[in-house]
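# Per-entry structural report
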Protein chains: 2
Amino acid sequence: MEEVDHLAHERNKAQFDVEAMKIVWAGSRHAFEVSDRMSRLVASDPAFRKDNRATLSRKELFKNTLRKAAYAWKRIVELHLSEEEASKLRFFVDEPAYTDLHWGMFVPAIKGQGTDEQHQKWLTLAYKMQIIGCYAQTELGHGSNVQGLETTATFDPKSDEFIIHSPTLTSSKWWPGGLGKVSTHAVIYARLIIDGRDHGVHGFIVQLRSLDDHLPLPGITIGDIGMKFGNGAYNTMDNGVLQFNHVRIPRNQMLMRVSQVTREGKYVQSDVPRQLVYGTMVYVRQTIVSDASSALSRAVCVAVRYSAVRRQFGSQDGGPETQVIDYKTQQSRLFPLLASAYAFRFVGEWLKWLYMDVTKRLQANEFSTLPEAHACTAGLKSLTTTATADGIEECRKLCGGHGYLCSSGLPELFAVYVPACTYEGDNTVLLLQVARFLMKTVSQLGSGKQLVGTTAYMQRAEHLMQCTSDVRSAEDWLKPSFILEAFEARALRLAVTCAKNISKAPNPEEGFSQLSPDLAEAAVAHCQLIVVSKFIDKIQGDIDGMGLKEQLQALCGIYALSLLHKHLGEFLSTGCITPKQAALANEKLRSLYAKVRPNAVALVDAFNYTDHFLGSILGRYDGNVYPKLYEEAWKDPLNDSVVPDGYHEYVRPLLKQQLRTAKL
Amino acid sequence: MEEVDHLAHERNKAQFDVEAMKIVWAGSRHAFEVSDRMSRLVASDPAFRKDNRATLSRKELFKNTLRKAAYAWKRIVELHLSEEEASKLRFFVDEPAYTDLHWGMFVPAIKGQGTDEQHQKWLTLAYKMQIIGCYAQTELGHGSNVQGLETTATFDPKSDEFIIHSPTLTSSKWWPGGLGKVSTHAVIYARLIIDGRDHGVHGFIVQLRSLDDHLPLPGITIGDIGMKFGNGAYNTMDNGVLQFNHVRIPRNQMLMRVSQVTREGKYVQSDVPRQLVYGTMVYVRQTIVSDASSALSRAVCVAVRYSAVRRQFGSQDGGPETQVIDYKTQQSRLFPLLASAYAFRFVGEWLKWLYMDVTKRLQANEFSTLPEAHACTAGLKSLTTTATADGIEECRKLCGGHGYLCSSGLPELFAVYVPACTYEGDNTVLLLQVARFLMKTVSQLGSGKQLVGTTAYMQRAEHLMQCTSDVRSAEDWLKPSFILEAFEARALRLAVTCAKNISKAPNPEEGFSQLSPDLAEAAVAHCQLIVVSKFIDKIQGDIDGMGLKEQLQALCGIYALSLLHKHLGEFLSTGCITPKQAALANEKLRSLYAKVRPNAVALVDAFNYTDHFLGSILGRYDGNVYPKLYEEAWKDPLNDSVVPDGYHEYVRPLLKQQLRTAKL
Ligand SMILES: Cc1cc2nc3c(=O)[nH]c(=O)nc-3n(C[C@H](O)[C@H](O)[C@H](O)COP(=O)(O)OP(=O)(O)OC[C@H]3O[C@@H](n4cnc5c(N)ncnc54)[C@H](O)[C@@H]3O)c2cc1C
Ligand SMILES: Cc1cc2nc3c(=O)[nH]c(=O)nc-3n(C[C@H](O)[C@H](O)[C@H](O)COP(=O)(O)OP(=O)(O)OC[C@H]3O[C@@H](n4cnc5c(N)ncnc54)[C@H](O)[C@@H]3O)c2cc1C
């Protein structure tokens, strides 16, 4: 078979060193090398094929996932992969599985909240997967409001045990991934009751299933909660329901790092500060931001390549038609998403650093930066997941009709991605948390309190509240200082306006509630500023490689100026910029699109995704879209026979006007 | 079983006559009565159940659709239903099927483009469903650009036939619904070639399958194009691929109303004006706008009811928590969608009127209003479908985690709805058509040419280009004249700015292309104005029923002011309003949310949807969400056994560290 690269002409146009950009995208040569090796390992192994996922029944799909998860673990053990390699391998297998929760939530929860003895016992088992764990917090009736959970863990001093119980239907655990069919153990959250007194929600390690025959232990009811959005997608995961009927566990299975229950039933706080849990949240959310850049970049990769393949209209004298990527509307929808993928990548990298910084400080008993770090990760989780979910769907639409086919890969990518807007904190609830933090910060302005990290800009409140932008030409809008000042002024002014309006309310709580839509917008503005500023930091740092800096500068400009365009009302109403300056920004944006255009395909090549990982005919590296779409169509089960099942019962009698006597 | 209405307290709060609103929503008492009767007929018939759709395999799903379609037709015939009733019945069956294309595209295409003899022959067969037809326009390589289709219909004067042929892979017909497995006939579009000369794309009636054994006729290859977005959803439809290998059809199967090929092979235009095809497009797109209001209202109904059931946070002294519908962020996301559902309903109603008006004028050989009507329906199709697709997904997110379950109904509603943004004209391509029309209109300003219909406002260009809003209080923003003027001024100024900028380009085409993102925004602004103005017309007309007018006024205000907030940058940068006035608009918006809040559940009750049609546990009329969610979960096939298929092969060996020897 001939191998033609239908996108070669696009690749030849690139004005930068793609191989060098791959390193920048990956974060380091080492990270690139690991990703590259793991993705090829997965892509080249037939055991990891994922082509028929859309037509499998739930049971077949799930069984196939169990197989892949076991096979992945087998390879991890056989090849003695490091933790980093193993996690990358699982990532490229690209199928949600119970192992995600085992490694991503169960292990970290025990690490973060367990004592040394608990680590010794449980992590040893978990690391070898001699037990499989999940994270069971959410209940049928309570998700966002964790403090409202109803499951109880009542201390029984006689037997030195906790009695775990689900007192109501709504207290059934509901949603935990890996729970429904696989997990042998769980970290569950329940109200700690001692001697009739409610000490609030705590974590407990509970064995759910027998290690002999996998049956639920006595008093435990477990099932799967049913089909979720999309074909394949998250249906490979056994999100579960769980009820406890007075189930007893030994006292030492409460996670006791932060607070303990003694043999005598005394509730004591250890000297480990409660803020520690923030550390785990920063960790988990940082991984979510990094996943956002992966998911968005994947969709963008598909849409950019297909937009270069797809031609529609504009043929001159019978020549080829225009590539749809050349339409300015296509560019104005697609390139901001390309820029966002890069932006989220860099802010994700920075969050990794932040997590390490926070951890170090925690170890040194320094907690002052925690609230800021916590607010910032909550906000960035919300911002990046919302933008990514919307962006994937936009990329699908940018592919026209063919984007609606499962073989485009985009429907599944969307369906599997969207819950990220909801889990680990509903995005609106998170924005309101950020807003609360912002209001507190604003209230302290002028008090002399040192503002740290991502709020440091508020230190210059006096200037930012009254400055007007000095932008005089379209070119000015490329200068980081002008962009930063506009974003800082907008964020601060929105926050200050909210604070002012709140102060007019009968009381602050009432004011906060009334103004919460505005507060959520102020929080978004603050978070966008963070992303913009980290992108700017990135391009102001060392970047080796021919042409890289120019491309990243263009993308940074596109990211910032497309946001400015989208939220123009905020920039104008707060007087941060003038309509004239807005028009200049638009002009600049157009010229940046033109600059990125010849580099677009190379900029998505830099993600270094294999065709296996992309899982999209439209996004194929070689651009050989049409023959492959055609080939794929015939694989649908409906094409097993020329005349469809049901013709004789339901179509022929209709055509022959014989329905009256047909059995329907 | 006890029957409790968990939403009774909400329904008791309503400040208007719900039964009267049902009539307003339906459009007339007659329309209400038909809808009500048909929806109950479907809901009460077990043959139309749709509960297990998400877990059916493609083949089972498709076969089940064939059964339902036949059964629906049987009932239509048995009950002697009118055309209106039959179409409503199919609507409430709520499952895409080949019949949609047969009735919605095949029949109208023949009606619109066929001659009287062709009507006589083909419509007679089609009306009785003795043949089943589809509409085959799109090809693998061409969708938006219809003029670029590659299929050929070459006239053979010897045999007096056309030879239909697919010369390339990309000329394969691709996407037509009903084609893949069911249709016996199709209207196909192909380039008419006579004596080597290409006369462009024309329609032809082609028999595809034998009426005896349903096998494709010689020279014809047909199949299904494979799985599409979502579970159930559009996978009940056999979108197909079709290739012709020199297939012959009699000359009289070319649709010859507008142009003919004579026995001698002469191509002649009839005196029927070409604009006639616009009439059909206005018709089809008007149904799409009406479907948009149905789909959006359905999602809103689910989200409003569930938001009233769902409680999270804010419990005082152990009392019940806050209903999430009381959070202002929830309201600011949800109520504009509720208002949009009503807005789209009314503009859809108006489009029905427009279609009749256009038809009447066509019959009187009056074509002057056609371009305006055509642009306006194209724009409204784009506007309403985009907003509806986004709105459904927003409603899903508003339901938190549970919205991600198929049993919420929202994932399937989204997946089945989104292609409306692409078919019958890609939404961006349509906006650019509107923009072209606007540029033409703007260029004629001041020429004395009378502007009609939805562009009449441009007649007042002089005033609208320089007026400033007189709004002085939040209350002012309720006055239709203030709202209209702001929307008119914004739409006109955006269009005029585009025209000015285009005139600076080397040539108009180049300018149009460079500015197309701005042009698309101007088109949106124009279309939003139309929707706002039709909503205002509605509330200024007669509306009977206690409290109805107040509610509709509030919804109209919410629709307009939430758009104003969303597009604030445009209103401010064009100087239509001031930042101060924007703040007043926001204030008014908040008070309107508060006004609608107690009526929200009743406002969705007015849609009169049965639980069958809604297909959502979260949206149940009685609000009895939790027990039903719980019940539903257990029906998943994964729950057939306690220990899942695959445990012995893939989980146990992993837990027992025996993977090395396992077959995976
Ligand atoms: C695919 C998936 C996987 C999951 N995996 C797990 C898991 O492994 N373990 C686990 O324990 N859980 C899991 N969850 C549950 C998840 O964490 C919750 O769904 C999430 O926390 C959101 O909570 P909720 O569903 O209660 O939403 P709700 O809080 O009910 O949200 C409904 C609406 O109310 C609004 N709202 C709620 N509170 C407020 C407020 N105070 N102010 C303003 N608005 C408010 C929200 O914005 C939203 O619009 C999973 C969920 C999904 C979808
Ligand atoms: C569910 C479904 C059912 C369908 N049913 C039928 C049917 O029954 N019969 C039938 O014949 N067809 C059917 N179609 C096909 C449908 O009509 C086409 O998909 C639609 O017309 C869009 O064309 P496309 O797919 O070629 O998109 P493209 O034109 O390839 O669009 C790709 C991208 O290019 C952009 N673009 C294209 N041209 C321009 C331009 N000039 N300027 C700026 N941007 C441009 C678009 O905005 C889009 O972002 C169906 C499609 C779907 C998804």
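The structure under discussion appears in the preceding block.
Residues numbered from 1 in each chain as written. Chains lettered and ligands numbered in written order. Predicted model: local features only at pLDDT ≥ 70, side-chain atom pairs only at ≥ 80, totals over all residues. Heavy atoms only, no water.

## Here we look at the overall build of chain A
Scanning chain A from N- to C-terminus turns up 23 helices and 11 strands. Taken against the 2.2 N^0.38 rule, which gives 26 Å for 664 residues, the C-alpha radius of gyration of chain A at 27 Å falls within 12% of a compact globule. Once the C-alpha set of chain A is aligned to its principal axes, its extents read approximately 90 × 80 × 60 Å. Across the 664 residues of chain A, 63% fall into the buried class. The contacts in chain A between residues at least 6 apart in sequence include a share of 74% that link residues at least 24 apart. As displayed, chain A has an accessible area near 24900 Å², and 52% of this comes from carbon and sulfur atoms. With 74 positive and 72 negative side-chain charges, chain A shows a spacing of 2 Å between the two charge centroids. (Helix = DSSP H or I, 4+ residues; strand = E, 2+ residues; numbered from the N terminus. Rg over C-alpha atoms; globule rule 2.2 N^0.38 Å. Buried < 20%, exposed > 50% of the residue type's maximum accessible area, 1.4 Å probe, protein only. Contact = heavy atoms within 4.5 Å. Areas by Shrake-Rupley, 256 points an atom, 1.4 Å probe, with all protein chains shown as cover. Lys, Arg positive; Asp, Glu negative; His and termini not counted. Charge placed at Lys NZ, Arg CZ, Asp CG, Glu CD.)

## Here we look at the site of ligand 2
Taken together, the neighbourhood of ligand 2 is formed by 31 residues, with A:Arg310, A:Gln330, B:Thr138, B:Ser144 and B:Asp426 sitting nearest. The separation between an oxygen atom of ligand 2 and a polar side-chain atom of A:Arg333 is 3.3 Å. Here A:Gly401 contributes a backbone N or O atom positioned 2.8 Å from an oxygen atom of ligand 2. Contact with the protein chains covers 93% of the free accessible surface of ligand 2, which is 970 Å². Every element with two or more residues in the shell around ligand 2 is listed here: helix H9 (328-363) and helix H10 (370-398) of chain A together with helix H12 (427-443) of chain B. Looking at side-chain class alone, the shell around ligand 2 contains 14 nonpolar, 13 polar and four charged residues. (Near = heavy atom within 4 Å. Polar contact = N/O pair within 3.5 Å; in protein donor to acceptor, adjacent residues only side chain to side chain. Nonpolar A, V, L, I, M, F, W, Y, C, P; charged D, E, K, R; others polar.)

## Examining the relation of the copies chain B and chain A
Superposition of chain B onto chain A requires a rotation of 180° combined with a translation of 0.0 Å along the rotation axis, giving an RMSD of 0.0 Å. Classification of the inter-copy transformation places it as that of a two-fold axis. A shared binding surface is used by both copies, with 100% of the interface residues of chain B retained as interface residues in chain A. (Least-squares fit on C-alpha atoms with pLDDT ≥ 70 in both.)

## Some points on the site of ligand 1
If you check the shell around ligand 1, you find 32 residues, and the closest are A:Thr138, A:Ser144, A:Asp426, B:Arg310 and B:Gln330. Looking at what sits near ligand 1, you find residues from chains A and B. Contact between ligand 1 and A:Tyr135: a nitrogen atom at 2.8 Å from a main-chain N or O atom of the residue. With respect to ligand 1, the side chain of B:Gln330 contributes an N or O atom lying 2.7 Å from an oxygen atom. Protein burial of ligand 1: of its 970 Å² of free accessible surface, 93% is covered by the chains.

## Some points on the pairing of strand E8 (residues 240-244) of chain A
All names here are of chain A. In terms of burial, E8 is a largely internal element, five of the five residues being buried. Both faces of E8 are covered, namely the face carrying Gly 240, Leu 242 and Phe 244 and the face carrying Val 241 and Gln 243. As paired strands, strand E4 (residues 173-174) and E8 are joined by two bridges and run antiparallel to one another. Residue pairing across strands places Lys 173 opposite Leu 242, the latter belonging to E8. With five bridges joining them, strand E7 (residues 220-224) and E8 adopt antiparallel strand pairing. Bridge pairing in E8 places Asp 224 opposite Gly 240. (Pairing = 2+ DSSP bridges.)

## Here we look at the nonpolar core
In this structure, A:Tyr342, A:Leu380, B:Tyr342 and B:Leu380 are the most contacted members of the largest nonpolar core, which totals 407 residues. Non-local contacts of A:Tyr342, meaning those with residues more than four positions away in its chain, are made with A:Met21, A:Trp25, A:Phe535, A:Leu552, A:Leu555, A:Leu603, A:Ala606 and A:Phe607. (Core = buried A, V, L, I, M, F, W, Y, C linked by side-chain atoms within 4.5 Å.)

## Let's talk about the side chain of B:Glu95
All names here are of chain B. Structurally, the position occupied by Glu 95 is in the loop between helix H5 (83-93) and helix H6 (98-113). Within the structure, the side chain of Glu 95 is placed 2.6 Å from the side chain of Arg 53, a separation counted as a polar contact. The contact partners of Glu 95, leaving out residues within four places of it in the chain, are Arg 53, Thr 65, Lys 68 and Thr 236.

## Remarks on the interface of chain B and chain A
Contacts between the two partners involve 129 residues from chain B, matched on the other side by 129 residues from chain A. Of the roughly 11500 Å² buried between chain B and chain A on both sides combined, carbon and sulfur atoms contribute 65%. It is B:Phe229, B:Tyr404 and B:Leu638 in chain B that bury the most area against chain A; as a group they hold 7% of the surface buried on that side. Counting across the chain B and chain A interface gives 10 salt bridges. The residue A:Arg58 makes a salt bridge to B:Asp636 at a minimum N-O spacing of 3.1 Å. Summed over the shared surface of chain B and chain A, the number is 51 residue pairs in polar contact (both at pLDDT 80 or more). Tallied by class, residues from the side of chain B that touches chain A come to 61 nonpolar, 37 polar and 31 charged. (Buried area = accessible area lost by both parts, 1.4 Å probe. Salt bridge = Lys/Arg side-chain N within 4 Å of Asp/Glu carboxyl O.)

## Description of the pattern of salt bridges
Tallied over the entire structure, the rule returns 89 salt bridges over all chains. Residues joined by salt bridges that share partners form a network here, namely A:Asp5, A:Arg11, A:Arg305 and A:Asp605.

## A closer look at helix H5 (residues 83-93) of chain A
Residues and elements named next belong to chain A. Buried residues of H5: Glu 85, Ala 86, Leu 89, Phe 92 and Val 93, and no others. Considered in projection along H5, the buried side chains sweep an arc of 130° and stay on one side of the axis. Summarising the contacts, the buried residues of H5 are in contact with helix H3 (29-43), helix H4 (58-78) and helix H21 (611-614). Two residues or fewer after H5 comes Asp 94, characterised by a positive phi angle close to 60°. (Arc of directions from axis to C-beta.)

## Examining the sheet that holds E8(A)
Here we have three strands laid out as an open sheet, ordered E4-E8-E7 (chain A), and antiparallel in their pairing. For this open sheet the edge positions go to E4 and E7 of chain A, each flanked by a neighbour on one side alone.

## Observations concerning the environment of A:Met458
All names here are of chain A. Mapped onto the elements of the fold, Met 458 is located in the loop between helix H12 (427-443) and helix H13 (461-466). Sequence separation between Met 458 and Thr 441 is 17 residues, and the spatial gap between their C-alpha atoms is 8.5 Å. The contact partners of Met 458, leaving out residues within four places of it in the chain, are Leu 438, Thr 441, Leu 445, Leu 451, Leu 492 and His 526.

## Structural notes on the sheet that holds strand E7 (residues 220-224) of chain B
The three strands lie next to each other as E4-E8-E7 (chain B), forming an open sheet whose pairing is antiparallel. Two strands bound the open sheet, and with one partner strand each, they are strand E4 (173-174) and E7 of chain B.

## What to know about the environment of A:Ala520
Relative to the assigned elements, A:Ala520 resides in helix H16 (residues 516-540). Classification of A:Ala520 as buried rests on a relative accessible area of 10%. Along the sequence, A:Ala520 and A:Val309 sit 211 residues apart, while their C-alpha atoms lie 40 Å from each other. Sequence-distant contacts of A:Ala520, that is, excluding residues within four places in its chain, are made with A:Leu431, A:Leu432 and B:Thr329.

## Some remarks on the packing of aromatic side chains
Using the criterion set out here, one finds 56 aromatic pairs over all chains in the structure. Ring geometry for B:Trp25 versus B:Tyr342: centroids 5.1 Å apart, planes at 75°, classification edge-to-face. Here B:Trp25, found in helix H2 (residues 18-26), pairs with B:Tyr342, found in helix H9 (residues 328-363); they are 317 residues apart in sequence, far enough to count as distant. When its relative accessible area of 3% is taken as the criterion, B:Trp25 is described as buried. Through a chain of ring-to-ring contacts, the aromatic side chains of A:Trp175, A:Phe229, A:Tyr234, A:Tyr404, A:Phe414, B:Trp175, B:Phe229, B:Tyr234, B:Tyr404 and B:Phe414 assemble into a single cluster. For B:Arg298, the ring lying beneath its charged end belongs to B:Phe613, and the centroid distance is 4.2 Å. Residue placement shows B:Arg436 over the ring face of B:Phe512; its charged tip is 4.0 Å from the ring centre. (Phe/Tyr/Trp six-rings, centres within 6.5 Å; stacked < 30°, edge-to-face > 60°. Lys NZ or Arg CZ within 6 Å of the ring centre and 35° of its normal.)

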